[in-house]
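Tertiary structure, described
Residue-level listing of the chains:
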Amino acid sequence: MANTNTEARYYGTGRRKNAIARVTLVPGTGKVTCNGREGAEYFSSQSLLDFATTPFTVTGTEGHFDVIARLNGGGVGGQSGALRLGIARALLEAGDYRGELKKAGYLTRDARVVERKKYGLKKARKRPQFSKR
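Summary of the structure given here. None of these values were measured; they are calculated from a predicted model.

Turning our attention to the side chain of R16. Among the secondary structure elements, R16 is positioned in strand β1 (residues 10-16). If sequence neighbours within four positions are ignored, R16 has contacts with G78, G81, A82, R109, D110 and R112.

Okay, structure coming up:
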């Protein structure tokens, strides 16, 4: 017999600095799973998880979807930002939330990345100490 699993799934990809989040939203109770671990366990501080799930607050869909995310690259801060963008993009597929998400600024990728180090300098812009004599 054919697979009768017709459960809706919504996908979104988010990026921030060097972090990439591949997000799947499944109708559920609001559970967040990151790389097979619970969201609160994966993100050391609750504030990072709260930051990542703000698109649900803006659209009024808290507790409507379970989040399954594959995160890699970067640090936990960047991954949290990538997860937020991935959730927002997946919500676009799930329903008519474009207005709220766009107004809140959640559909814009944060393009800021670390500036490269230049030769002759200690870091990207820090110069060696100048000596007159």
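Still more to cover.
Attention shifts here to the nonpolar core. Counting 27 residues, the largest nonpolar core has V23, L25, F43, V67, L71, L83 and L91 as the members making the most contacts within it. Going through the elements one at a time, β2 (19-27), β3 (32-34), α2 (46-52), β5 (65-72) and α4 (76-94) are the ones with two or more residues in this core. Looking at this core element by element, the count peaks at six residues for α4. Once residues lying within four places of it in the same chain are set aside, the contact partners of V67 are V23, T24, L25, K31, V32, T33, F56, L83 and I87.

Counted under the stated rule, the structure contains five salt bridges. Among the salt bridges present, the one from R37 reaches E41, with a minimum N-O distance of 3.4 Å. Classification of R37 as partly exposed rests on a relative accessible area of 37%. Taken together, the salt bridges that share partners define one network made up of R16, D110 and R112.

A separate point is the packing of aromatic side chains. Geometrically, a pair of aromatic rings is defined through the distance of the ring centres and the angle of the planes. Using the criterion set out here, one finds three aromatic pairs in the structure. The interplanar angle of 85 degrees and the centroid separation of 6.1 Å between the aromatic rings of Y10 and F65 together place this pair among those described as edge-to-face. Of the two residues, Y10 is situated in strand β1 and F65 in strand β5; the sequence distance between them amounts to 55 residues. As far as the burial class goes, Y10 and F65 line up, both buried. Arranged with centres 6.4 Å apart and planes meeting at 20 degrees, the rings of F56 and F65 form a pair that is stacked. Accessibility expressed as a relative area gives 7% for F56, which makes it buried. The class for F65 is buried, based on a relative accessible area of 10%.

This paragraph deals with the sheet that holds β3. The mixed open sheet is built from five strands, whose spatial order is β1-β2-β5-β3-β4. Two strands in the sheet have a free side with no partner beyond their single neighbour: β1 and β4 (37-38). Pairing of β3 with β4, which is carried by two bridges, proceeds in the antiparallel orientation. From the neighbouring strand, C34 faces β4, where its bridge partner is R37. Against the sheet, α4 makes contact with β1, β2, β3 and β5, and its axis sits at roughly 150 degrees relative to β1, the strand it touches most.

Now for the environment of N35. Secondary-structure assignment places N35 in the loop between β3 and β4. In the structure, N35 is positioned 26 residues away from R9 in sequence and 18 Å away in space, judged by C-alpha atoms. With residues up to four places along the chain from it excluded, the contact list for N35 reads Y42, A69, R70 and L71. Polar side-chain contacts of N35 include one of 3.5 Å to the side chain of Y42. Polar side-chain contacts of N35 include one of 2.8 Å to the backbone nitrogen of L71.

The rules behind the values
Residues numbered from 1 in each chain as written. Predicted model: local features only at pLDDT ≥ 70, side-chain atom pairs only at ≥ 80, totals over all residues. Heavy atoms only, no water. Helix = DSSP H or I, 4+ residues; strand = E, 2+ residues; numbered from the N terminus. Contact = heavy atoms within 4.5 Å. Core = buried A, V, L, I, M, F, W, Y, C linked by side-chain atoms within 4.5 Å. Buried < 20%, exposed > 50% of the residue type's maximum accessible area, 1.4 Å probe, protein only. Salt bridge = Lys/Arg side-chain N within 4 Å of Asp/Glu carboxyl O. Phe/Tyr/Trp six-rings, centres within 6.5 Å; stacked < 30°, edge-to-face > 60°. Pairing = 2+ DSSP bridges. Axes fitted to C-alpha atoms, helices over the stretch in contact; angles between N-to-C directions. Polar contact = N/O pair within 3.5 Å; in protein donor to acceptor, adjacent residues only side chain to side chain.

Spatial relationships are all this shows, so hold off on functional conclusions.
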